[in-house]
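Residue-level listing of the chains:
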Amino acid sequence: MKPLHFLYLLLAAGTPLLHGCANKNDDKERQHKEFEYKQHEAQVAKLESLNKEYPQIPDERLMENNGANSPLYAELKERYKNYLIQLNKDVTATGAKFVVMIMKPIEKPGDPTLNFKAGRPFILKTCADLGIDCIDLTDQIDAQDPKEITLLPRDGHWSKKGGEFYAGLFMPIVKKHMGNKSTVTYKDNERPETFGDLPPNDDEILDGGKDIPYHLKANVQGLRMDYDLKFPKTKPRILFMGSSHVYFPFLDNEYIATTVLQKQMPEVEILNAGILSASIDDYVSLFAEKAKYAEPDVVILQTNGGDIIHLYFSNRNHVSRNQTPHTPTKLEEAYYKATYKY
Amino acid sequence: MLFNTKDFAQFFAIILAVYWLVWQWREVRNVFLLLACSYFYYRFRNTLPVYLYSIISVSYLSGLAMSRIEPQNKRKALLVVTIVILGLGLAYIKYSGLLLGNIPGMEQWQASAMHIITPIGISYFTFSTIGYITDVYRRTIVAETNFIVYASYISYFPHILCGPIASAAGLLPQFKNPVKPSLEVIEASVAEILWGLYKKMVVADNIAIMVNYCFANYKDQTGSTLFLGVTLFSFFIYADFSGYSEIARGTSRLLGIELVKNFKMPFFSRNPGEMWRRWHTSLRKWMLDYIYLPLGGAKVGKTKYMLIIFFIFCFSGLWHGANVTFICWGVLNGLYFFVYLFSNSFTRYKDLPGKGKLLPNGKELLQMFITFNLATIMRIFFRSPNMEVATGFFMKIMSASLFAAPLMVVVRKYVWCLPMLAIEWVQREKDYVLQLPRVPVAIRVSVYIAVIGAIWYFCPKQSATECYYFKF
């Protein structure tokens, strides 16, 4: 037998064996995928059924009729506190500095929203109890003309001037903590495709249904910024997490506070992982699943009272990033039925 | 109730079924059509069509009276009075902001200050009634005695929101004797509706946001981005308006009533004159019949002729809205026209370019390119909310940044326009864009299904948008 023939024979005999092994692996993988798919389908079906049964309600109404003192609001506050504890734990576990920043929303000139009035002292106290650095920007925001820093009367989100204003407010916070170093590094194959929730390299015009078009650009890692992150990092990384108040809708990338700040502070890398219509459970999952792999040295969480009332189950079922079905608790259901459904 | 919604599809399916069920009973059919039109109009803003029916009643009674008056001077007096009544209503509701808003002490008398909501389609139905009453005066048509028929003609749902502006001589008789559509006509109508929906929902709706972005942020953009942005606006306004007009034409033909073609491939025009003959043809015909000809038309001296043309373009601008930008747009278009008139290069082309060929020749291509860009530049004034934006936008385009790299996100939007342009070019000599003569039924049906698939797949996920021309 010539050596080449022997090789053929070996290959012919070996192929079914190899094939068999591969098949077994494939089968396992397929079964796993099928299981995951079925779970996902079941989750989607449950969510659809819940959303059909409980259409989303305007959260702000939870605060009416002395809602801030209701048992339901106490339940939501407790939930918020637990998520904050979790996020603090997850962030500090990476060696990063965790900072909470209260940004007052401006929906109309004048009095703050009821949820802000009730949420602000609770957040301040919770952070103090947990030993989390909390920076309250309310007084600085109150000193501004709402018409200057927001797009009012069309929308309460920030204007170009608002972007500049917030960059000025963020700078001392960043400067104070930029010396902190995270202690973890991840291998290339450990990192997810993106660190933020935007599609990689997203480049489109959006208007949020409000006829205020803006240019959204994301880097390859799904963060709202103009360059891609490289590893190993060479500069301190500051990660901003939060809702639309950090995402800055209705402004082109170049006018949002994080981009303005980046230009003013080239010695650090400013990462914007803001999510529209988000609450604190979203930040917890975003950090655990994606953002921590960017290896931030400082994590600045923007929050306000909205994050507390957005934890109401019907809001989460409609807009949360993971779309995990939330079955109402007894208090939530009682409130829903009493107020909206019947 | 917009044409591009499920609500309208359900509404129209019911109307079509009942309309054909009662087809043989003319009176019942007409009453049903009028009720359907009133319901359609009511549903649009959930307001009763009081103003619409007032205008219909005034013009109807005036027409009846005019048909019984023999002396011409009395008829003329009645015509003037009627036009003044109809015109004053339109002028007050639409233009009082521009006229009274700038006079100190008169601001509170503006329509908006008086909380008067502009009835949708006001320009279209007012022009239709003025056209009707003028035709009765001229005795080119007989006054309609049946109120149901007349009211159906004016409030006819396929055309009330944004035309085509109906000519009574051509359209009114069809309400008495609509033609039962043949299978061929049904196919043509459905094909026209599909192509109209494609243009509106795929092309226009996908590029609208980019146009809005360019005009809202013109100060931050380069000249090249803005130039591409205003060119997108040209495609948008065409796809939006002509798409809507084609849906209107298709739906109307299924009811046995033929509306005029409002757009005849205007982007393939070789000079501004040709473009105006192909763009919004029903408004052009209205202006010819009721302004141009009464003022003397081409039979007057050159200076007066120029003045008439100039007036018509100003009028056309003003028809679009009470804004200096529209007047400016009209005036500048009039100036284009003069240049062509003076340079004697104003050929009255009868056919579309490249007749019988796949591609145009170099000269035609250049002519089309120039004409398209001339019209596009003027649309800066058409689209801008005020003169500050218009001049700022225009100056940016005229700056050196015209040669800078544009935003790629704008360039990518052309992916929506170019297939439309290519298909319309290839099909430009057909009666309707999806016409495929001598092609087996199975292939034709496949094409229609493909268009439906494209609409379903590419239509942006947003609530249905109004046609841009509703506001006029």
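Residues numbered from 1 in each chain as written. Chains lettered and ligands numbered in written order. Predicted model: local features only at pLDDT ≥ 70, side-chain atom pairs only at ≥ 80, totals over all residues. Heavy atoms only, no water.

Draft legend 1. Spatial organisation of the overall build of chain A. Along chain A, the regular secondary structure elements total 12 helices and 9 strands. Nonlocal contacts in chain A, meaning residues at least 24 apart in sequence, comprise 76% of its contacts between residues at least 6 apart. When the accessible area of chain A is evaluated, it comes to approximately 17,000 Å², of which 55% is carbon and sulfur surface. For chain A, the separation between the mean place of its 43 positive charges and that of its 48 negative charges on side chains is 3 Å. (Helix = DSSP H or I, 4+ residues; strand = E, 2+ residues; numbered from the N terminus. Contact = heavy atoms within 4.5 Å. Areas by Shrake-Rupley, 256 points an atom, 1.4 Å probe, with all protein chains shown as cover. Lys, Arg positive; Asp, Glu negative; His and termini not counted. Charge placed at Lys NZ, Arg CZ, Asp CG, Glu CD.)

Draft legend 2. The overall build of chain B, seen in detail. A tally of helices and strands in chain B yields 19 helices and 0 strands. Taken over C-alpha atoms, the radius of gyration comes to 23 Å for chain B, in line with the 23 Å a tight globule of 472 residues would show. Considered along the principal axes of its C-alpha atoms, chain B spans approximately 65 × 65 × 45 Å. Of all 472 residues assigned to chain B, the portion counted as buried reaches 55%. Sequence-distant contacts, at least 24 apart, represent 77% of the contacts inside chain B between residues at least 6 apart. Total accessible area on chain B stands at roughly 21,000 Å², and carbon and sulfur atoms take up 68% of it. Counting 45 positive and 23 negative side-chain charges, chain B places the centres of these two groups 4 Å from one another. (Rg over C-alpha atoms; globule rule 2.2 N^0.38 Å. Buried < 20%, exposed > 50% of the residue type's maximum accessible area, 1.4 Å probe, protein only.)

Draft legend 3. Quick peek at the nonpolar core. Residues B:Phe157 and B:Tyr469 are the most contacted members of the largest nonpolar core, which totals 152 residues. A domain split of this core shows at least three residues from each of domain 1 (6-176) and domain 2 (183-270 + 349-471) of chain B. Beyond its immediate sequence surroundings of up to four residues, B:Phe157 is in contact with B:Phe3, B:Phe8, B:Phe11, B:Phe12, B:Ile15, B:Leu33, B:Cys37, B:Phe40 and B:Leu255. Membership of the second largest hydrophobic core comes to 50 residues, among which are A:Ile57, A:Leu76, A:Val91 and A:Leu311. (Core = buried A, V, L, I, M, F, W, Y, C linked by side-chain atoms within 4.5 Å. Domains from an automatic or database assignment.)

Draft legend 4. Fine view of empty space enclosed by the protein. Residues and elements named next belong to chain B. Scanning the entire structure with this criterion turns up 3 cavities of 30 Å³ or more. The calculated volume of the largest cavity comes to roughly 80 Å³. In terms of lining, the largest cavity is formed by Ile237, Met275, Trp276, Trp279, Trp329, Asn333, Ala375, Arg379, Phe382 and Tyr469. Of all the secondary-structure elements, those providing two or more residues to the lining of the largest cavity are helix H11 (272-278), helix H14 (324-342) and helix H15 (362-383). Of all the elements, H15 adds the most residues to the lining of the largest cavity, at 3 residues. Taken together, the residues that form the lining of the largest cavity break down as 8 nonpolar, 1 polar and 1 charged. If you add up the space inside the second largest cavity, you get close to 40 Å³. Of all the elements in the fold, those that place two or more residues in the lining of the second largest cavity are helix H5 (122-138) and helix H7 (157-160). Residues that form the lining of the second largest cavity fall into these classes: 7 nonpolar, 3 polar and no charged. (1 Å grid on protein atoms, 1.4 Å probe; cavity = no way out; pocket = protein on both sides within 12 Å on 5 of 7 lines; lining within 4 Å. Points joined across faces, edges and corners; volume = space filled by probe spheres on them. Nonpolar A, V, L, I, M, F, W, Y, C, P; charged D, E, K, R; others polar.)

Draft legend 5. Representation of the confidence of the model for chain A in the model. Confidence in the prediction of chain A, expressed as mean pLDDT, is 89, and 91% of residues score 70 or more. Here residues 1-18 of chain A is modelled with pLDDT under 50, and outside its nearest four sequence neighbours on either side it reaches 2 contacts, counting other chains as well. (pLDDT = per-residue confidence, 0-100.)

Draft legend 6. Spotlight on helix H2 (residues 71-93) of chain A. Residue and element names in this part refer to chain A. Its 23 residues place the ends of H2 33 Å apart at the C-alpha level, agreeing with the 33 Å of an ideal helix rising 1.5 Å per residue. Within the sequence span of H2, burial applies to Leu72, Tyr73, Leu76, Arg79, Tyr80, Leu84, Leu87, Asn88, Asp90 and Val91. Just downstream of H2 lies Gly95, where phi reads positive at about 85 degrees. (Expected span 1.5 Å × (residues − 1).)

Draft legend 7. Spatial organisation of the interface of chain A and chain B. Counting residues at the interface gives 12 residues for chain A, matched by 12 residues for chain B. The largest contributions to the chain A side of the interface with chain B come from A:Asp203, A:Ile205 and A:Pro213, which together make up 55% of the buried area. Where chain A packs against chain B, one counts 2 salt bridges. The partner of B:Arg412 in a salt bridge is A:Asp203, and the shortest N-O contact between them spans 3.6 Å. Of all the secondary-structure elements, those providing two or more residues to the side of chain A that touches chain B are strand E5 (203-206) and strand E6 (214-217) of chain A. Among the elements that line the side of chain A that touches chain B, the one with the most residues is E5(A), at 4 residues. Looking at the side of chain A that touches chain B, its residues break down into 5 nonpolar, 1 polar and 6 charged. (Buried area = accessible area lost by both parts, 1.4 Å probe. Salt bridge = Lys/Arg side-chain N within 4 Å of Asp/Glu carboxyl O.)

Draft legend 8. Main features of helix H9 (residues 280-289) of chain A. The buried count for H9(A) comes to 8 of 10 residues, which makes it a mostly enclosed element. Taken as a whole, H9(A) has its buried residues at A:Ile280, A:Asp281, A:Asp282, A:Tyr283, A:Val284, A:Ser285, A:Leu286 and A:Phe287.

Draft legend 9. View of the pairing of strand E4 (residues 155-158) of chain A. All names here are of chain A. Sheet analysis places strand E3 (residues 150-151) next to E4, joined by 2 bridges and oriented antiparallel. Each residue of the ladder has a partner; that of Thr150, found in E4, is Trp158. Hairpin connection, E3 to E4: the antiparallel pair is bridged by 3 residues. (Pairing = 2+ DSSP bridges.)

Draft legend 10. Focus on a nonpolar patch on the surface. Residues and elements named next belong to chain B. On the surface, Tyr39, Tyr42, Leu48 and Val50 cluster together into a nonpolar patch covering about 410 Å² of accessible area. Assignment of secondary structure puts Tyr39 in helix H2 (residues 26-45). Since its relative accessible area comes to 39%, Tyr39 is described here as partly exposed. (Patch = residues over 30% accessible without salt bridge, like charges linked within 9 Å, V, L, I, M, F, W, Y side chains within 5 Å.)

Draft legend 11. Region of the structure containing the domain arrangement of chain B. All names here are of chain B. Parsing chain B into structural domains produces domain 1 (6-176) and domain 2 (183-270 + 349-471). Computed over C-alpha atoms only, the centres of domain 1 and domain 2 are separated by 29 Å. The interface is formed by 24 residues belonging to domain 1 together with 17 residues belonging to domain 2. Here domain 1 meets domain 2 over a buried area of about 1,700 Å², counting both sides, of which 69% is carbon and sulfur. Interface area lost by domain 1 to domain 2 is led by Cys162, Pro164 and Gln174, which between them contribute 31%.

Draft legend 12. A look at the sheet that holds strand E9 (residues 298-303) of chain A. All names here are of chain A. In space, the 5 strands of this open sheet follow the order E2-E1-E9-E7-E8, with parallel pairing throughout. The open sheet is flanked by strand E2 (133-136) and strand E8 (269-272), the only strands paired with a single partner. Taken pair by pair, the neighbouring strands of this sheet meet at an average axis angle of 20 degrees, ignoring direction. In this sheet, E8 lies alongside strand E7 (residues 237-241) in parallel orientation, the contact comprising 4 bridges. (Axes fitted to C-alpha atoms, helices over the stretch in contact; angles between N-to-C directions.)

Draft legend 13. The pattern of salt bridges, seen in detail. Counted by the stated rule, this structure contains 38 salt bridges over all chains. Through salt bridges with shared partners, one network takes in A:Asp197, A:Glu289, A:Lys290 and A:Arg321.

Draft legend 14. Structural view of the packing of aromatic side chains. All names here are of chain B. In the structure shown here, the tally under the stated rule is 71 aromatic pairs over all chains. With centroids separated by 6.0 Å and ring planes inclined at 75 degrees, the aromatic side chains of Phe8 and Phe40 adopt a geometry described as edge-to-face. You can see Phe8 sitting in helix H1 (residues 6-21) and its partner Phe40 sitting in helix H2, a full 32 residues away along the chain. With respect to burial, Phe8 and Phe40 carry one shared label: buried. Between the aromatic rings of Phe127 and Trp286, the centroid separation amounts to 4.0 Å while the plane-to-plane angle is 20 degrees, which identifies the pairing as stacked. Placement of the pair is Phe127 in helix H5 and Trp286 in helix H12 (residues 281-292), with a sequence separation of 159 residues. Sitting above the plane of the Trp23 ring, Arg29 keeps its charged end 4.6 Å from the centroid. Lying across the ring of Trp425, Arg428 places its NZ or CZ 3.6 Å from the centre. (Phe/Tyr/Trp six-rings, centres within 6.5 Å; stacked < 30°, edge-to-face > 60°. Lys NZ or Arg CZ within 6 Å of the ring centre and 35° of its normal.)

Draft legend 15. Geometry of unusual backbone geometry. Following A:Phe231, the chain continues to A:Pro232 via a peptide bond in cis, the omega torsion being -5 degrees. Within the fold, A:Pro232 resides in the loop between E6 and E7. A cis geometry characterises the amide bond from B:Gly163 onward to B:Pro164, with omega recorded as 5 degrees. Here the phi dihedral of A:Asp211 falls at roughly 60 degrees; this positive angle occurs in a residue that is not glycine. Relative to the assigned elements, A:Asp211 resides in the loop between E5 and E6.

Draft legend 16. Broad picture of the side chain of B:Asn333. Summarising the element assignment, B:Asn333 is placed in helix H14. Look past the residues within four positions of B:Asn333 in its chain and what remains in contact with it is B:Trp276, B:Phe313 and B:Met378.

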